[in-house]
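Secondary and tertiary structure notes
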Amino acid sequence: MQKNNKLLVTVLLLIAVLLGVSMLQQKGFTMRDLLNDILAGFIVFGFFLLIVALIRKFAPTNPNMPNGSVQAQMEEVDKDFIIDAQKSDVTFDDVAGINEVKEELVEIVDFLQNPEKYKKFGIKMPKGVLLVGPPGVGKTLIAKAVAGEAGVPFFYQSGAGFVQMFVGIGAKRVKNLFAKAKQNAPAIIFIDEIDAIGKARGALRNDEREATLNQLLTEMDGFEKSEGVIVIAATNKVDLLDDALLRAGRFDRRVYVELPGLEDREEILKIYLKDKPFNGDVKEIAKMTVGFSGAALASLVNEASIYALNHNKNEITIDDFLAVKDKVLAGKKKILSYTEQEKKILSFYQAAKAVTANWLEVDFEKMSLVKDDFKEIDRELVSKSEIEAKIQVYLSGLVCIEDIFNEKYSNASSDIKKAKELATKMITEYGMGDKIVSNEMEVATLLEKSYKRAQILYVSQKEVILKVQQKLLEKEVVTKAEVKEIFSEIL
Ligand code: ADP
């Protein structure tokens, strides 16, 4: 407050007090009564001040909270949040393997380079591409490669970076990010770990996250597909994402990025060994690194090189890799690496699925040690036998493992879940059970029946399964064509 203002307020207060006193005296109050009242007032006021002081002293304070007004605090938190376009010099050649992912994204590169071409034919490009896969498999790298190949600016943000302690900051950041990207269009916005903002809105509300998510949805709905901004987001947990994000016109294109298979690991290793004095067979390293992500392979090569150097060697050899493998594994707790026994279990499990799918004509392209690629049934018209066949495929791995190992393993859990979901849908939604209005018992009965059928088929296909299993164990992946070939050889 200005000095003059203070003086004015004091004078006004004094006048008010004097006026008050003279009015009270006119009404018969003595000075003594007045002093008593004032004293009582002071005591009450003092007591109030004491309580406020005590609350301030003992109430917990947030150590991260900067001082000052809310506005000032928000500005302070936002100070370090800088939205800058990066120039990407990564190309598709820098990304080893994951060819199918690259193929999916080539079209987007072309669109960014020649938007007019697409506009002329009225072709709409997706606004958002969601890359789904575990950490370290190259999701960020491939998004950068799209920007690099197209020669457009790259805006990187992590989902967690948006959501702050003040409601409204995340939304503001999203808004600014899109505004900057549009100014620089054509451009790519990359949002890493989008699940930090896009988690399904469950029972636990988080106002800041919700406000941020809503802003993101608004921005994505608001820009036209021809504006030349493409949002690429990455997540490991697509099943946790809010449905609203996956709806048409938002992240309607989904690309799965898997842990690299044997051949891809070899390619990745070659990239990182390119300029190093390595003497040995890259294939051998690829074979011993099942479950390593691209990032883990990069750090494995680095550790092996350091190890060789520290031991005064002129060359890096397989021995150096063996020496550091466990260390790299321990440092990256998240990455998977299977023991020989685990690989064996997985190979039987997946082989049974592949052979059953081949027999029941459930379409797939290839089956790896850790993954199948059955398409979700999303057509309008699906037959009962088609769904039943799929349920049977999902249960066939379990049947095989029980026969070979006389044991059950936890890897079956996701397939059991899928079988249950399909059975429930079939009975309750499609009315394909014995009665039109059904109950849970019917779902259980259907699953039991499918399991029995899977057991019977397993016995008749065991020979083929064993052959496919050997191939899977050796190559980590088997294609449908190869399964068919083995099948016809045995017949
Ligand atoms: P994600 O975004 O999936 O967590 P990143 O793209 O950040 O993974 O990958 C981390 C690092 O791992 C990359 O910078 C690169 O060095 C290496 N990497 C991962 N995948 C590949 C790959 N397919 N080819 C080459 N390098 C890779």
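Keep in mind it's a predicted model, so treat the numbers as computed, not measured.

1. Topic: the pairing of strand 4 (residues 229-235)
- For strand 4, the tally of buried residues reaches seven of seven residues, placing the bulk of the element in the interior.
- Of the two faces of strand 4, the one carrying Val-229, Val-231, Ala-233 and Thr-235 and the one carrying Ile-230, Ile-232 and Ala-234 are both buried.
- Pairing between strand 1 (residues 128-132) and strand 4: five bridges, direction parallel. Paired with Leu-130 across the bridge in strand 4 is Ala-233.
- In this sheet, strand 4 lies alongside strand 3 (residues 187-192) in parallel orientation, the contact comprising five bridges. Bridge pairing in strand 4 places Ala-187 opposite Val-229.

2. Some thoughts on the side chain of Lys-390
- Relative to the helices and strands, Lys-390 resides in helix 17 (residues 384-405).
- Nearest to the buried, unbridged Lys-390 among oppositely charged side chains is Asp-372, at 7.7 Å.
- When near neighbours in sequence (up to four residues on either side) are disregarded, Lys-390 contacts Val-362, Phe-374, Lys-375, Glu-376, Ile-377 and Leu-422.

3. Some words on the side chain of Glu-266
- As for its position among the elements, Glu-266 is in helix 12 (residues 262-273).
- What Glu-266 contacts, discounting residues up to four positions off in sequence, is Val-282, Lys-283 and Ala-286.

4. Brief notes about the pattern of salt bridges
- Scanning all chains against the criterion turns up 16 salt bridges.
- Between Asp-195 and Lys-237 there is a salt bridge, with its nearest N and O atoms 3.6 Å apart. With Asp-195 in helix 9 (residues 195-198) and Lys-237 in the loop between strand 4 and helix 11 (243-246), this pair connects stretches of sequence that are 42 residues apart.
- Looking at Asp-195, the relative accessible area reads 8%, which means it is buried.
- Note that Asp-415 and Lys-353 form a salt bridge whose closest N and O atoms lie 2.9 Å from each other. Here the residue Asp-415 occupies a position in helix 18 (residues 413-429), and Lys-353 occupies one in helix 16 (residues 340-360), the gap between them amounting to 62 residues.
- Residue classification places Lys-353 among the buried residues on the basis of a relative accessible area of 2%.
- Residues joined by salt bridges that share partners form a network here, namely Glu-266, Lys-270 and Lys-283.

5. Observations concerning helix 19 (residues 440-475)
- In this model, helix 19 (36 residues) spans only 41 Å end to end at C-alpha, well below the 52 Å of a helix rising 1.5 Å per residue.
- Along helix 19, the sharpest kink reaches roughly 70 degrees, centred on Gln-461.
- A positive backbone phi angle near 70 degrees is found at Glu-476, which sits one or two residues after helix 19.

Analysis parameters
- Sequence order as written defines residue numbering, which begins from 1 separately in each chain.
- Only residues with pLDDT of at least 70 are given local features in this predicted model, and only at 80 or more are side-chain atom pairs given and counted; all residues enter the totals for whole chains, interfaces and linings.
- With hydrogens and water stripped out, all remaining heavy atoms of the structure feed into the side-chain values.
- For every residue, the accessible area (1.4 Å probe, protein chains only) is compared with the maximum for its type, and the residue is labelled buried under 20%, exposed over 50%, or partly exposed between those bounds.
- Secondary structure elements are defined from DSSP: runs of H or I of at least 4 residues count as helices, runs of E of at least 2 residues count as strands, and each element is numbered from the N terminus.
- At least two bridges found by DSSP between two strands is the condition for calling them paired.
- Charge counting follows a simple rule: Lys and Arg are positive, Asp and Glu are negative, and His as well as the terminal groups are ignored.
- Salt-bridge detection follows one rule: a side-chain nitrogen of Lys or Arg within 4 Å of a carboxyl oxygen of Asp or Glu.
- Contacts are residue-level and defined by heavy atoms, with any inter-residue pair within 4.5 Å sufficient.
- Working rule for helices: expected span equals 1.5 Å times residues minus one.
- To obtain the bend at a residue, axes are fitted to the seven residues ending there and to the seven starting there, and the angle between these axes is taken.

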